[in-house]
Amino acid sequence: MSPRRSLMQHQLQPFHLAFADLLTPEEQALRLKVRECVERDVAPIMTKYWEKAEFPFEIVPKLGALNIAGGTIKGYGCPGLSVTANALATAEVARVDASCSAFILVHSSLATRTISLCGSELQKQKYLPSLAKLDMIACWGLTEPDYGSDASGLRTTATKVEGGWVIEGQKRWIGNSTFADILIIFAKNKDTNQINGFIVKKNAPGLQATKIENKIGLRMVQSGDILLQKVFVPDEDRLPGVNSFQDTSKVLAVSRVMVAWQPIGIVMGVYDMCHRYMQERKQFGAPLAAFQINQQKLVQMLANVQAMFLMGWRLCKLYESGKMTPGQASLGKSWITLRARETVALGRELLGGNGILSDFLVAKAFNDLEPIYTYEGTYDINTLVTAREATGIASFKPVAKTTRTSRL
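Residues numbered from 1 in each chain as written. Predicted model: local features only at pLDDT ≥ 70, side-chain atom pairs only at ≥ 80, totals over all residues. Heavy atoms only, no water.

Further remarks concern the environment of phenylalanine 198. Tracing the sequence through the fold places phenylalanine 198 in strand 7 (residues 195-201). For the pair phenylalanine 198 and alanine 363, spaced 165 residues apart in sequence, the C-alpha to C-alpha distance is 38 Å. Excluding its chain neighbours within four sequence positions, the residues that come into contact with phenylalanine 198 are Ala158, Trp165, Ile167, Leu183, Ile184, Ile185, Ala187, Val233, Asp237, Arg238 and Leu239. (Helix = DSSP H or I, 4+ residues; strand = E, 2+ residues; numbered from the N terminus. Contact = heavy atoms within 4.5 Å.)

See below:
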């Protein structure tokens, strides 16, 4: 069986078509358009770049031509997609390669979205048109070396000076950071002790971004350590809509939904691969699909794919209606990534020895899921967000120890 041929089947599987009545004609058309593009332009080269842990810059113009960057943003050259259409585009890219999906998600759902929601009118006019075409690439810097899940405790500082701000600190695990043209950086205002947002330009004096090496997943994503040493940012590049940590939640709400659609796309690709592999590979004189134990695993995978799709679709509809809560978004992200790990593990079993070769998609997907399981809130943190909403009790911090006085 040719691994490449199995990736180049852009027709939707019959079981996937069961979702067609949930989508508008425009959403269905976009889904097929994205699938055809990534299978034609990304699938043939992804393994080579994944193995080398390099980013395929030659595909950026092709992704830009899809007109999906900027997602749901309306105006300023952005596509103004529905949340569902944006999610489907995310999934279709992830179905072929999760790293390319992460590249677009960081650029579009985080960085570009931040300027749209929190930027001034001048900032929107200046940056959004180029970001929508992928003529300019952006990254989003919140996480720090010592502050991951507890991101609100960040230590990067912003000091007001004449004409602007001086930013000092570090960021870590920032996708696209080694080549981004602009960096959205969050820092603590020294005067107010509140979080502010800034647009930092590439090559600003004092700015350094270094690639994090030796990742086992999302290897094409250029995740970086960012060092900011007295980086000057003019007043015009401070984001006026970011005045507290809560303002980042406006961005994270929709991006968490998009992140949940990455594993949905990944498992669709894995299921498609396994479905074909089971029919084409023979052992003991029969196709692997003829063995009951393999059928059981394939059906379990299919059930997970459909359940994940339905939960993701429901999240989109809740967001579009303005009814989605943080707990619902966190439940979707945590549960979907958990089911995705289970599904890809089953796929790896079905492919036997070929299941550990990146050429056959499944091994690569197995590794790529690990960072997705962790970023945008770990499984545990997202569970606690949902539990806080369900019980009314927050349990993010351990109960302080009390000192008991002995009566003896």
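Further notes follow.
One recurring pattern in soluble globular proteins is that nonpolar side chains are buried together. The biggest cluster of nonpolar side chains holds 107 residues, and the ones touching the most others in it are Phe103, Ile115, Trp140, Trp261 and Ile266. The element contributing the most residues to this core is helix 8 (residues 246-280), with 18 residues. Look past the residues within four positions of tryptophan 140 in its chain and what remains in contact with it is Val106, Leu110, Ala111, Thr114, Ile174, Ile184, Phe186, Val251 and Leu252. Core analysis: the second largest hydrophobic core is formed by 17 residues, Trp165, Leu183, Phe198 and Val231 among them. (Core = buried A, V, L, I, M, F, W, Y, C linked by side-chain atoms within 4.5 Å. Buried < 20%, exposed > 50% of the residue type's maximum accessible area, 1.4 Å probe, protein only.)

The next point concerns the layout of surface pockets. By volume, the largest pocket is sized at about 1600 Å³. What lines the largest pocket is a set of 47 residues, among which Gly148, Ser149, Arg256, Glu376 and Gly377 lie closest to the centre. Breaking the lining of the largest pocket down by element, the ones donating at least two residues are helix 6 (98-118), strand 5 (164-174), helix 8, helix 10 (326-350), helix 11 (362-374) and helix 12 (379-391). Take the lining of the largest pocket: its biggest share by element is seven residues, from helix 8. Looking at the lining of the largest pocket residue by residue, the classes come out as 24 nonpolar, 16 polar and seven charged. (1 Å grid on protein atoms, 1.4 Å probe; cavity = no way out; pocket = protein on both sides within 12 Å on 5 of 7 lines; lining within 4 Å. Points joined across faces, edges and corners; volume = space filled by probe spheres on them. Nonpolar A, V, L, I, M, F, W, Y, C, P; charged D, E, K, R; others polar.)

With that out of the way, let us pick up the pattern of salt bridges. Inspection of every chain in the model, using the stated rule, returns 22 salt bridges. The salt bridge involving arginine 341 is made with glutamate 370; its shortest N-O contact spans 2.8 Å. In this pair, arginine 341 sits in helix 10 while glutamate 370 sits in helix 11, placing the two residues 29 residues apart along the sequence. Put simply, Arg31, Arg35 and Glu92 are held in one network by salt bridges that share partners. (Salt bridge = Lys/Arg side-chain N within 4 Å of Asp/Glu carboxyl O.)

Right, let's get into empty space enclosed by the protein. Applying the stated rule across the entire model yields four cavities of 30 Å³ or more. If you add up the space inside the largest cavity, you get close to 90 Å³. Lining of the largest cavity is provided by Ile68, Asn86, Ala89, Thr90, Val93, Ser101, Ile104, Leu105, Ser108 and Ser109. Put simply, the parts of the chain that give the lining of the largest cavity at least two residues each are helix 5 (83-96) and helix 6. Broken down by element, the lining of the largest cavity gets its largest block of residues, five residues, from helix 6. When grouped by side-chain class, the residues that make up the lining of the largest cavity number five nonpolar, five polar and no charged.

Note that strand 5 and strand 9 (residues 224-234) share eight bridges and pair antiparallel. From the neighbouring strand, glycine 164 faces strand 9, where its bridge partner is proline 234. (Pairing = 2+ DSSP bridges.)

Moving on to the packing of aromatic side chains. Within the structure shown, the criterion is met by 12 aromatic pairs. Considering the side-chain rings of phenylalanine 55 and phenylalanine 103, the 4.8 Å spacing of their centres and the 50° angle between planes classify their relative orientation as tilted. Residue phenylalanine 55 is located in the loop between helix 3 (46-52) and helix 4 (60-65), and its partner phenylalanine 103 is located in helix 6; the two are separated by 48 residues in the primary sequence. Judged on exposure class, the residue phenylalanine 55 and its partner phenylalanine 103 are both buried. Ring plane angle 70° and centroid distance 5.0 Å describe the contact between tryptophan 140 and phenylalanine 186, whose orientation is recorded as edge-to-face. Of the two residues, tryptophan 140 is situated in strand 3 (residues 138-141) and phenylalanine 186 in strand 6 (residues 182-189); the sequence distance between them amounts to 46 residues. Like tryptophan 140, the residue phenylalanine 186 is buried in the burial classification. Feature note: the residues Phe55, Phe57, Phe103 and Phe179 constitute an aromatic cluster, connected by ring pairs. Directly above the ring of tryptophan 165 sits lysine 160, whose terminal nitrogen or CZ lies 5.6 Å from the centroid. Its guanidinium or amino end placed over the ring of tryptophan 50, arginine 219 lies 5.5 Å from that ring's centre, counting from NZ or CZ. (Phe/Tyr/Trp six-rings, centres within 6.5 Å; stacked < 30°, edge-to-face > 60°. Lys NZ or Arg CZ within 6 Å of the ring centre and 35° of its normal.)

Quick look at the packing of helix 10 against helix 12 now. Between helix 10 and helix 12, the least distance of the axes is 8 Å, while the angle of their chain directions is 145°. Considering only the axes of helix 10 and helix 12, their crossing is left-handed. Packed against helix 10, whose contacting residues are Pro326, Gly327, Gln328, Ser330, Leu331, Lys333, Ser334 and Leu338, the element helix 12 presents Tyr379, Asn382, Thr383, Val385, Thr386 and Glu389 at the interface. Each residue belonging to the contact of helix 10 with helix 12 can be placed in one class, and the counts come to five nonpolar, seven polar and two charged. (Axes fitted to C-alpha atoms, helices over the stretch in contact; angles between N-to-C directions. Left-handed = near helix turned anticlockwise from the far one by under 90°.)

This paragraph deals with the environment of glycine 224. By secondary structure assignment, the location of glycine 224 is in strand 9. Looking at glycine 224, the relative accessible area reads 0%, which means it is buried. C-alpha of glycine 224 to C-alpha of serine 177: the two residues are 47 residues apart in sequence and 5.7 Å apart in space. Contact partners of glycine 224, with chain neighbours within four places excluded, come to Lys171, Arg172, Trp173, Ile174, Ser177, Thr210, Lys211 and Ile212.

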